[in-house]
Amino acid sequence: MLVYRFRTWVLLLLVIFPDPSLSHFDSAKKKQMREKVRKMFYHAYENYMTHAFPHDELKPLSRSFTDSLGELGNLKLEHLPQNYNGTALTLIESLSSLVILGNCTEFERAVLWLSENLTFDVDARVNLFECNIRVLGGLVSAHILATDSTNRLVQGSYKNQLLVLAEDLGRRFLPAFDTPTGLPYAWINLKYGVMKNETTETSTSGCGSLILEMGALSRLTGDPRYESAALRALRKLWSMRSSLNLLGTTLDMETGEWIEHSSGIGAGVDSFYEYLFKAHILFGKEDFWRMFHSAYLAVQKYFRHGPWYHEADMRTGKATYWQLTSLQAFWPGLQVLVGDIAAANTSHREFVYVWKKFGVLPERYLLDHQMLHPTEKYYPLRPELAESTFYLYQATKDPWYMEVGETIVNSLNSYTKVEGGFASIRDVTTMQTEDHMHSFFLAETCKYLYLLFDDSFLVDRNYIFTTEGHPLPVLSAWQDRLPEIYIPSNWTYVKDEKQTKRSSAMSLQVCPALSLNAGHGEQLAESACHVLDARSDHKCFGDEECGVDSTSCRRRSCSMAGYCGLWLVKQKEIHWSSRPVVKYFATYERMRPSWKHSTPILQTQLFLYSKLIVVQSYIPTIIENTKPSRL
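Calculation criteria
- Starting afresh in each chain, residues are numbered from 1 along the sequence in its written order.
- The model is predicted, so local features are restricted to residues of pLDDT at least 70 and side-chain atom pairs to those at 80 or more, both for listing and for counting; the totals for chains, interfaces and linings are taken over all residues.
- No hydrogens and no water enter the side-chain calculation; it runs on all heavy atoms of the structure.
- Numbering goes from the N terminus for both helices and strands, where a helix is a DSSP run of H or I of at least four residues and a strand is a run of E of at least two.
- Any residue under 20% of the maximum accessible area for its type is buried, any over 50% is exposed, and the rest in between are partly exposed; the area is computed with a 1.4 Å probe on protein chains only.
- Residues count as neighbours in contact if any of their non-hydrogen atoms are within 4.5 Å of one another.
- Here the Shrake-Rupley method, with its probe set to 1.4 Å, supplies the accessible areas, and only the displayed protein chains count as covering residues.
- UniProt positions are given in the numbering used here, feature names are shortened, and annotations may be inferred rather than shown by experiment.
- Nitrogen and oxygen atoms within 3.5 Å of one another constitute a polar contact, given that in protein one can donate a hydrogen and the other can accept it, and given that sequence-neighbouring residues count only through two side-chain atoms.
- Strands are labelled as partners when DSSP assigns at least two bridges between them.
- Between N-to-C directions, angles cover 0 to 180 degrees, with each direction set by a line fitted to C-alpha atoms, over the stretch in contact for helices.
- Joining through side-chain atoms within 4.5 Å is the link that ties buried Ala, Val, Leu, Ile, Met, Phe, Trp, Tyr and Cys residues into a set, and such a set is a nonpolar core.
- Between 30 and 60 degrees the pair is tilted, below 30 it is stacked and above 60 it is edge-to-face, where a pair is any two Phe, Tyr or Trp rings, Trp via its six-membered ring, whose centres lie within 6.5 Å.
- A positively charged side chain is recorded as over a ring if its NZ (Lys) or CZ (Arg) lies within 6 Å of the ring centre. The angle to the ring normal must also be within 35 degrees.

### Comments concerning the overall build of the chain
Piece 1. Along the chain, the regular secondary structure elements total 20 helices and 26 strands.
Piece 2. Taking all 631 residues of the chain together, the buried fraction comes to 60%.
Piece 3. Counted over contacts in the chain with a minimum sequence separation of 6, partners at least 24 positions apart contribute 68%.
Piece 4. Here the chain displays about 26,700 Å² of accessible surface, and carbon together with sulfur accounts for 52% of that area.

Spelled out as structure tokens, the structure:
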């Protein structure tokens, strides 16, 4: 018995105290990786400035350019502008990155060139969403950085020229919102407005991911029209949700009817969720919190399957497509902001597994067949995995995430770096390159990797990053009411014992990392949806004494033995399938090599998953009347 107890305590010590000496990331290594990313950025930037500027994007293989703003989001390449010569898109996207890398001289030079040469009075049909996040967001963010009195980035020569350009662009957006529903057209001609017979089809992201940039423009200019238009569209979109609080992917903005009812957290929807929460942080509106709260819990309930997220029908919640898309890799980063570190951790590691399997992250991977999508095998230098890695390191300071960053950097240099810049991958199975370097490689991919190894830009500052990686400061002057969670002096410790036990961190708006009941055993809300069990020892007499699981956001129940948990067996019946068990086991096996680099919460989960597999192997021998069903 003494030996058993000793072994138990050894296990607990290993779980609680991961060994930091196992990581090779000391300060010298971090500096080395930072300089490696810096060289990547300038290799791409200088090639763009040499071979493509002032056009939109670089073609690194042919060392030429493409005026691609009219092509973004235009899969069929219809109605392309004839006399359009670019808007220096990649330069605009690089502005905040130059500041983060500390190159104020180049930033000032770029600002002055744009001030004197950039115009939006061009006959070009552009995608409203893409132009908003890339161009408007880049200009607004750069203007704020240029006028930051602590930076003095532009020495006496800046007179709000970028804000003037941003406002000019914002005014050109407004005709797109002049619709019966308030939902904007997906396409707008920068010179002539909405074209005759323009398509009325748009996406959830296209309607619901405009509030940060347009809201910031209103706060800077004092003109409420931009924020009002974006907010009206967002509220109309939310009113179209199903009874399950789910939205579809595409819709008719003129009639307000859904076209595609299946959706997930990937393409067409992703930034909608992101902007709900970030708008709450930036502007403090409770409406944003309530919308995000409902939407997030619906995602966790209907889309999540173990560490993965599939797509589902917004009307029924039934799974439609079992696939991983590279855009989904942003989700763990968003979960870090919410406070769901454990859930973010498990999903992030699955994306890392796929990255290591192929060398980069393919655009689409079929989960049910464990194979690549036959036609979407490309990797266009996307930043989402680097972004989530940065957020997770910031939240945990676990050096394993720096090792992930090193893997990403090495892959990019091995497979995508060419003499003329960095090239997209056409096929991840052959690593055949494609003659295109997207502007977001400089705006996001390099930026998040640099911040992973050197976050000095963020010291004593509070920023949120747009979906295109452009930093916007969290300012009290912009807040309708600054959320209490972001004011340390107002952090709320709930005094009522019953409320503490039966409420979630999200509903109380209490930072999940804080103790909810410091005087009673330090019970912690581990995620935004976590509801604690009524008793700290998890004993129970009925289901009403059990809470909500912190990772899956599913209701826990009381077992026949009198303990709360996510039980698969109840009243002589077994409700389980081999599929989730296999998933958990695969996750556990893949994550075992990183055990001692993982966070305590994740280590505890791995231990429980391994025990769950052992328990389930005995269930069929002791329980009769088995009834398989999908979890």
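### Notes on the UniProt feature "binding site: Ca(2+)" (unreviewed entry) in the chain
Piece 1. Taken from the UniProt record, the annotation "binding site: Ca(2+)" (unreviewed entry) applies to T467.
Piece 2. Relative to the assigned elements, T467 resides in the loop between β19 (463-465) and β20 (471-473).
Piece 3. Judged by relative accessible area, T467 falls into the buried class, the value being 17%.
Piece 4. If near-sequence neighbours (up to four positions away) are discounted, T467 is found in contact with I133, S271, E274, Y275 and E444.
Piece 5. A polar contact of 2.9 Å, which involves the side chain of T467, links it to the side chain of E274.

### Looking at the pairing of strand β17 (residues 424-427)
Piece 1. Both β17 and strand β18 (residues 432-434) contribute to a ladder of 3 bridges, which runs antiparallel. When the bridges of β18 are listed, S424 appears paired with E434.
Piece 2. Connecting β17 to the next strand, β18, in antiparallel fashion are 4 residues, including M431 with a positive phi near 60°.

### Some details on the sheet that holds strand β12 (residues 323-325)
Piece 1. Here 3 strands make up an open sheet; going across it, the order is β12-β13-β14 and the pairing antiparallel. Each edge of the open sheet carries a strand with a single partner, namely β12 and β14 (371-372).
Piece 2. Bridge count for strand β13 (residues 364-366) against β14 is 2 bridges, and the pairing is antiparallel. Residue pairing across strands places L366 opposite M371, the latter belonging to β14.
Piece 3. Across the sheet, helix α13 (residues 341-358) lies against β12, β13 and β14, angled at about 80° from β12, the strand it touches most.

### As for the nonpolar core
Nonpolar side chains in soluble globular proteins tend to end up buried together.
Piece 1. By size, the foremost hydrophobic cluster in this structure holds 162 residues, and its most contacted members are F107, V135, Y273, F303, W331 and F441.
Piece 2. Not counting residues within four places of it along the chain, the set of residues in contact with F303 comprises L246, S263, G264, I265, Y273, A298, W308, Y309, H310 and A312.

### Overview of the packing of aromatic side chains
Piece 1. By the definition in use, this model includes 22 aromatic pairs.
Piece 2. Ring centres of Y391 and Y448 lie 6.5 Å apart, and the angle between their planes is 45°; on these two criteria the pair is classed as tilted. Of the two residues, Y391 sits in helix α14 (residues 384-396) while Y448 sits in helix α16 (residues 440-453), which places them 57 residues apart along the sequence.
Piece 3. Overall, the relative accessible area of 0% leaves Y448 in the buried class.
Piece 4. These aromatic residues form a ring-pair network of at least three members: F272, Y273, F277, W289, F292, Y296, Y309, F330 and W331.
Piece 5. The residue whose ring lies beneath R125 is W187, and the NZ or CZ to ring-centre distance is 4.2 Å.
Piece 6. In this arrangement the basic side chain of R349 is found over the ring face of W400, its NZ or CZ atom lying 3.7 Å from the centre.

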